[in-house]
Amino acid sequence: MLPRRPNPLHPFLYNFARVSPRPHALPLVNTAAAATPVTALRVVRQPLVAQSLYFSTSPAAYAKRNKKMPPKKKVVEDKKVILGRPGNNLKCGIVGLPNVGKSSFFNTLSKTDLGKAANFPYATIDPEEARIPVPDDRFTWLCDLYKPASKVPAFLTCIDIAGLTKGASTGEGLGNAFLSHVRAVDGIFQVVRAFDDAEVIHVEGDVDPIRDMEIISNELRLKDIEWVEKEIEKLQKQVRSCGNVSLADKAKKEELATVEKILKTLKEDNKDVRKGQWSNKEVEIINGLTLLTAKPITYLVNLSERDFVRRKNKWLPKIKAWIDENNPGDALIPFSVALEERLVGLSEEEAEAEGEQLGLGKKNPSILGKITTAGYQVLDLIRYFTCGPDEVRAWTVRKGIKAPQAAGVIHSDFENKFVCGEIMAFEDLKQYGSEAATKAAGKLRQQGKPYEIVDGDICYWKCG
């Protein structure tokens, strides 16, 4: 088919048809205008030409002009790697000089007589272990709601470790064996003696909590320095044979630089490893070394019963000042082993009456629950609950854990064949009073693999 010949009376139509890629799609010229004399057409020529130029733009240019800017990518911050051994079954070790009340504290905490309390050093040789229930008002409320046949609270594993003495890092007083026991735990309860008792001997001759804390701190740091120096020697031999091409060689050199930075922190800066500034890669290297000074410490100051009741002791301000200067941010909890030993054999009502008699109010004056909770928190542990008429149970997991790994704490199949989890927050269940009301309010959520467990979640897992 021959192309249509342009009208000679309207020369601008020729340009219109030639420039436009799709002339059939363009608006037609007003027929009334076409019937007018040529001289009159000059009046309407300009707007038509302008209109024709708009429609004559190529598709590529049109798309470029109307192209939207892509949305900015969200900056995803790297998740902070937690310092310490990864896992959910973490342990706290009870550490201190001999005869400061460690084994007596362990016995009252565990309500056992496993710890060998005696008035001489090294009464404890082999470490004793016990699982301590962690108090939680949420767990009690859930048990009251579901009235289950079985109740299983969260637990914290505590280990009674023999006393460390000055020179333990070089082997004094079976120090190497005791420090290996410290290395096996994930957090430390450091018991500090701040009571005077002529009948309880002190391995250093007199009571001085500041000196005792410095002894423990120095021995842990000296042992770490020894281990780090050996690691540097090993890495230096490996780096000498490395090239500059492979990623493995570069990673080995980076590891050596990190370990040298650790040594500088310990020797030159006189700081514990946990108080340094570390990147995620450096934290992963530190975790592989299982250093003593990388473990979180909770300081437990053992007072006499009299000082604890009146909340006054000459050493407490000095201990607090020492912690703020040397290990800022570490928890300090005053308590009295002597009082706890009396309370452990009493019922809850009798303990409340004892607290009222001591002038501490009508409540149980025991501080053991607070200590257990502090140990749980310092290890970055949280718990989620599974609830039903058969059992209400608290499952201990590490902060930041994803849903499949949290389900795997119950059984490995739950992780391997994970589908999703039906999850509601404890606060929502408490607000609405029942699962049915919580679900009706839209607070029962289905969560997939990326979901990060929040402390207090109530979870029901689905797996294939």
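Residues numbered from 1 in each chain as written. Predicted model: local features only at pLDDT ≥ 70, side-chain atom pairs only at ≥ 80, totals over all residues. Heavy atoms only, no water.

**A look at the overall build of the protein**
Looking only at helices and strands, one finds 19 helices and 12 strands in the protein. Out of the 464 residues belonging to the protein, those deemed buried represent 42%. If you take every contact in the protein between residues at least 6 apart in sequence, the share linking residues at least 24 apart comes to 70%. As displayed, the protein offers around 26000 Å² of accessible surface, 54% of which is attributable to carbon and sulfur atoms. (Helix = DSSP H or I, 4+ residues; strand = E, 2+ residues; numbered from the N terminus. Buried < 20%, exposed > 50% of the residue type's maximum accessible area, 1.4 Å probe, protein only. Contact = heavy atoms within 4.5 Å. Areas by Shrake-Rupley, 256 points an atom, 1.4 Å probe, with all protein chains shown as cover.)

**Remarks on the sheet that holds strand S5 (residues 187-193)**
Read across the sheet, 6 strands follow the order S2-S4-S1-S5-S6-S7 without closing on themselves; strand pairing throughout is mixed. The open sheet has two edge strands, strand S2 (128-133) and strand S7 (331-335), and neither has a second partner. Strand after strand, the sheet turns through a mean of 25° between neighbouring axes, direction not considered. Pairing of S2 with strand S4 (residues 155-160) involves 6 bridges; the strand directions are antiparallel. Bridge pairing links Ala 130 to Cys 158 in S4. (Pairing = 2+ DSSP bridges. Axes fitted to C-alpha atoms, helices over the stretch in contact; angles between N-to-C directions.)

**Looking at the nonpolar core**
When a protein is soluble and globular, its nonpolar side chains tend to lie buried together. Counting 74 residues, the largest nonpolar core has Phe 105, Leu 142 and Ile 371 as its most contacted members. Among the domains, domain 1 (91-378) and domain 2 (400-463) are the pair contributing at least three residues each to this core. Non-local contacts of Phe 105, meaning those with residues more than four positions away in its chain, are made with Ile 94, Val 191, Leu 300, Phe 335, Val 337, Leu 368 and Ile 371. The next biggest cluster of nonpolar side chains, apart from the first, holds 18 residues, and it includes Val 239, Ile 262, Leu 266 and Leu 289. (Core = buried A, V, L, I, M, F, W, Y, C linked by side-chain atoms within 4.5 Å. Domains from an automatic or database assignment.)

**Some points on the pattern of salt bridges**
Per the counting criterion, the structure on display carries 26 salt bridges. Each of the salt bridges in this network shares a partner with another, and the network as a whole consists of Arg 221, Asp 272, Arg 274, Lys 275 and Asp 330. (Salt bridge = Lys/Arg side-chain N within 4 Å of Asp/Glu carboxyl O.)

**Here's the deal with the confidence of the model for the protein**
Reading predicted coordinates in detail is not appropriate for stretches of low pLDDT. Summarising the model, the protein shows a mean pLDDT of 83, and 79% of its residues fall at 70 or more. Counting interchain partners and residues more than four positions distant, the pLDDT-below-50 stretch residues 11-56 has 27 contacts. (pLDDT = per-residue confidence, 0-100.)

**Concerning helix H6 (residues 137-146)**
Taken together, the buried positions of H6 are Arg 138, Phe 139, Leu 142, Cys 143 and Tyr 146. All buried residues of H6 project into a common sector of 140° when viewed along the axis, lining one side. Count one or two residues on from H6 and you reach Lys 147, which has phi positive near 50°. (Arc of directions from axis to C-beta.)

**Let's talk about the side chain of Glu 231**
Counting through the fold element by element, Glu 231 comes out in helix H8 (residues 209-240). Exposure remark for Glu 231: the relative accessible area of 14% places this residue in the buried category. With near-sequence residues (within four places) excluded, Glu 231 lies in contact with Glu 255, Val 259 and Leu 289.

**What about the packing of H8 against helix H9 (residues 247-267)?**
Relative to each other, H8 and H9 sit at 155°, their axes nearing to 9 Å. As summarised for this structure, H8 and H9 are arranged roughly antiparallel, according to the angle between their axes. The element H8 and its partner H9 pack so that their crossing is left-handed. On the side of H8, the interface is formed by Arg 221, Asp 224, Ile 225, Val 228, Glu 229, Glu 231, Ile 232, Leu 235, Gln 236, Gln 238 and Val 239, while H9 contributes Lys 252, Lys 253, Glu 255, Leu 256, Val 259, Glu 260, Ile 262, Leu 263, Leu 266 and Lys 267. In terms of residue class, the contact of H8 with H9 is built from 10 nonpolar, 2 polar and 9 charged. (Parallel < 35°, antiparallel > 145°, perpendicular 65-115°, else oblique. Left-handed = near helix turned anticlockwise from the far one by under 90°. Nonpolar A, V, L, I, M, F, W, Y, C, P; charged D, E, K, R; others polar.)

**Here we look at the packing of H9 against helix H10 (residues 280-289)**
As a packed pair, H9 and H10 sit with axes 10 Å apart at the nearest point and diverge in direction by 75°. Considered as vectors, H9 and H10 are oriented roughly perpendicular to each other. Residues Glu 254, Glu 255, Thr 258, Val 259, Lys 261 and Ile 262 of H9 lie in contact with H10, whose contacting residues are Lys 281, Glu 282, Ile 285, Ile 286 and Leu 289. Each residue belonging to the contact of H9 with H10 can be placed in one class, and the counts come to 5 nonpolar, 1 polar and 5 charged.

**Brief notes about unusual backbone geometry**
We note that Lys 147 has phi near 50°; this positive angle belongs to a residue other than glycine. Looking at where Lys 147 falls in the secondary structure, it is placed in the loop between H6 and strand S3 (150-152). Backbone geometry at Asn 270 places phi at a positive 55°, although glycine is not the residue there. With respect to the secondary-structure elements, Asn 270 resides in the loop between H9 and H10.

**Considering the environment of Asp 196**
Along the chain, the position of Asp 196 falls in the loop between S5 and H8. A C-alpha to C-alpha distance of 9.9 Å links Asp 196 and Asp 208, two positions 12 residues apart in sequence.

**Quick look at the environment of Lys 362**
The topology assignment puts Lys 362 in the loop between helix H14 (348-357) and helix H15 (368-378). Given a relative accessible area of 63%, Lys 362 falls into the exposed group. When the C-alpha atoms of Lys 362 and Glu 349 are compared, they prove to be 9.4 Å apart, with 13 residues separating the residues in sequence.

**Focus on the packing of aromatic side chains**
According to the stated counting rule, one finds 6 aromatic pairs in the structure shown. With a centroid separation of 6.3 Å and 80° between ring planes, the pair formed by Tyr 299 and Trp 322 is classed as edge-to-face. Residue Tyr 299 is found in strand S6 (residues 297-302), and its partner Trp 322 is found in helix H12 (residues 316-326); the two are separated by 23 residues along the sequence. No difference in accessibility class separates Tyr 299 from Trp 322, as the two residues are buried. A centroid spacing of 5.7 Å and a plane angle of 85° characterise the contact between Tyr 384 and Trp 461, whose relative ring orientation is edge-to-face. Here the residue Tyr 384 occupies a position in strand S8 (residues 381-386), and Trp 461 occupies one in strand S12 (residues 457-463), the gap between them amounting to 77 residues. Taken as a pair, Tyr 384 and Trp 461 share a single burial class, namely buried. Here the aromatic cluster, defined as three or more aromatic residues joined through ring pairs, consists of Phe 105, Phe 189 and Phe 335. When the ring centre of Phe 195 is taken as origin, the NZ or CZ atom of Arg 193, which lies over that ring, is 4.5 Å away. (Phe/Tyr/Trp six-rings, centres within 6.5 Å; stacked < 30°, edge-to-face > 60°. Lys NZ or Arg CZ within 6 Å of the ring centre and 35° of its normal.)

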